[in-house]
Amino acid sequence: MNIPSGEDSFDFAWKSDKITAMQKRLLVWFQVNGRHEIPWKLKSDGSKPQQGEALNPYGIWIAEVMLQQTQLKVVVPYWENWMESFPTLRDLVNATEHKVLMHWQGLGYYSRARRLFSAAKSLLEWIGDADPLAPESWPNDLETWMALPGIGRTTAGSIISSAFDRPTPLLDGNLKRVLSRLVANPMPMNSCLSRSWDLSNQLLDRQNPRDFNQALMDLGAMVCKPHNPNCCECPWKLDCIAYASSRIKDFPVKSSSSPMPNQVIGIGVVFNNDGTVLIDQRLDEGLLGGMWEFPGGKKEPEENIKETIVRELREELAIEVEVGELLIALDHSYSHKKLCFVVHICRWISGDPVPLESQQCRWVRPDELNQYPFPAANSKMISALKNYLQQKTNPL
DNA sequence: AAGTCGTGGAA
DNA sequence: TTTCCAAGACT
């Protein structure tokens, strides 16, 4: 029995000859306008792979994980640095999580790096005695890839269509936006995912899945942009319902977002008598998992910032400190909260640090800080600390 | 199944 | 300046 639901209101199917025409027009547009210089989509000699020709899945897998919620131009330098340090799967498996996080610092969503490292071990096991440098030794099916940590349907589909040119649909941010406009989807994209996957699968060119998927993402990134799309250049403008009805700006329909809380965080850069400073490694779970930081915590309404720092270091590390001068105050936004970090230089008084709410803590010389992976806000604190120490030693 | 997870580019 | 939001996954 077919019960009408909300999603059925935009149930959509194109005729096969229309889809064929759309595929052809998109691929023609792609040949002329697409992004063809993406390093992990080229062969080792720099040339484009033939239709159906396999590429080395290793570099593609790394890139696709880096690309989750991250723009192409941000990823490229990280990917190149990564491939220099970990050129093969074996190199990665033989590395340490510390070194892996060092290569991820500044890129965000750090659980990706730890899951990637975990998946590397599973992949090498799956490959077994076969040659990991040969593409045919790697899994080429959706189920195997999706079983790995940190790899969902879109990332798995990207890897499979990019590396093996196998027909696998995608549904990333670009496709969601393009599809939403194409069919004038009245619902927020995240509330009708199965329909959207169906649309992506309908459109997919099964003869050229690698180029087609890349073309669709390029179309989203370069033409069907979030703001001010270049509809006049779009190969699908005559197929687009939003364009035909002059309602491009109405799509995609956004779901309501909750306001971000604002918090003040007190941070202590604690100096020991020997000139070392105290850092700790965050728990694997939660925000910035596995990364190192200067200790601190959220200011309570009734206390001032110095009281916050004294209390937090007592609660988290069981140490007593004297809070000194302000090092830096900086605003920093995460996905779901806005923070203001107020960082003070502190002097250690008593208590051997105990990692009560972290994995471990360590006294390090300031010049050793670059050997630890820090999130972006902490990197700014380190820069401020270096300036501070330089001015201390070279007073004008 | 809504919330949680970073950062920086772009307007 | 603030605001949006990106080649999403996980719980």
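Treat the numbers as computed from the prediction; the structure is a model and nothing was measured. (Residues numbered from 1 in each chain as written. Chains lettered and ligands numbered in written order. Predicted model: local features only at pLDDT ≥ 70, side-chain atom pairs only at ≥ 80, totals over all residues. Heavy atoms only, no water.)

Caption draft 1: Spatial organisation of helix α9 (residues 173-182). Of all 10 residues that make up α9, 8 are buried, and the element is covered over most of its length. Taken residue by residue, α9 has Asn 174, Leu 175, Arg 177, Val 178, Leu 179, Ser 180, Arg 181 and Leu 182 as its buried positions. Next to the buried residues of α9 lie α1 (16-33), α10 (193-203), α11 (209-222) and α12 (241-244). (Buried < 20%, exposed > 50% of the residue type's maximum accessible area, 1.4 Å probe, protein only. Helix = DSSP H or I, 4+ residues; strand = E, 2+ residues; numbered from the N terminus. Contact = heavy atoms within 4.5 Å.)

Caption draft 2: Representation of the protein's contact with DNA strand B in the model. Lining the immediate surroundings of DNA strand B are 20 residues, of which Lys 73, Tyr 110, Leu 288, Ser 335 and Ala 376 lie closest. Taken together, the sugar and phosphate atoms account for 60% of what DNA strand B places within 4 Å of the protein. (Near = heavy atom within 4 Å.)

Caption draft 3: Representation of the side chain of Arg 311 within the structure. Take Arg 311: it is sitting in helix α13 (residues 305-317). On the basis of relative accessible area, Arg 311 is assigned to the buried category, the value being 18%.

Caption draft 4: Expanded view of the nonpolar core. The biggest cluster of nonpolar side chains holds 68 residues, and the ones touching the most others in it are Trp 61 and Trp 82. With 8 residues, helix α6 (residues 111-127) is the largest single contributor of residues to this core. Counting contributing residues, this core receives three or more from each of domain 1 (16-250) and domain 2 (262-393). Leu 26, Val 183, Leu 204 and Cys 240 belong to the second-largest nonpolar core, a separate cluster that totals 33 residues. (Core = buried A, V, L, I, M, F, W, Y, C linked by side-chain atoms within 4.5 Å. Domains from an automatic or database assignment.)

Caption draft 5: Region of the structure containing the protein's contact with DNA strand C. For DNA strand C, the set of nearby residues contains 24 residues, the closest of which are Leu 67, Gly 150, Asp 172, Gly 173 and Asn 174. When atoms of DNA strand C within 4 Å of the protein are split into backbone and base, the sugar-phosphate part holds 63%. Asp 172 has a polar side-chain atom sitting 2.6 Å from a sugar or linking oxygen of DNA strand C. Counting only elements with at least two residues in the surface near DNA strand C, the list comes to α8 (153-164), α9 and α11. (Polar contact = N/O pair within 3.5 Å; in protein donor to acceptor, adjacent residues only side chain to side chain.)

Caption draft 6: Layout of α10. Those residues of α10 that sit buried are Ser 196, Trp 197, Leu 199, Ser 200 and Leu 203. End-on, the buried residues of α10 take up no more than an arc of 160°, which puts them together on one face. At its buried positions, α10 is contacted by α1, α8, α9 and α11. (Arc of directions from axis to C-beta.)

Caption draft 7: Representation of the domain arrangement of chain A. In terms of domains, chain A is made up of domain 1 (16-250) and domain 2 (262-393). Between the C-alpha centres of domain 1 and domain 2 the distance comes to 38 Å. Taken together, the contact pairs 9 residues of domain 1 with 14 residues of domain 2. Buried surface at the junction of domain 1 and domain 2, summed over both partners, amounts to about 840 Å²; 54% is from carbon and sulfur atoms. Looking only at domain 1, the three residues that lose the most surface to domain 2 are His 98, Tyr 110 and Arg 114, adding up to 50% of its buried area. (Buried area = accessible area lost by both parts, 1.4 Å probe.)

Caption draft 8: Region of the structure containing the pairing of strand β1 (residues 262-271). Among the 10 residues that make up β1, 8 are buried, leaving the element largely enclosed by the rest of the structure. Strand direction decides the pairing type here: β1 and strand β6 (residues 338-350), joined by 10 bridges, are parallel. Residue pairing across strands places Gly 266 opposite Val 342, the latter belonging to β6. (Pairing = 2+ DSSP bridges.)

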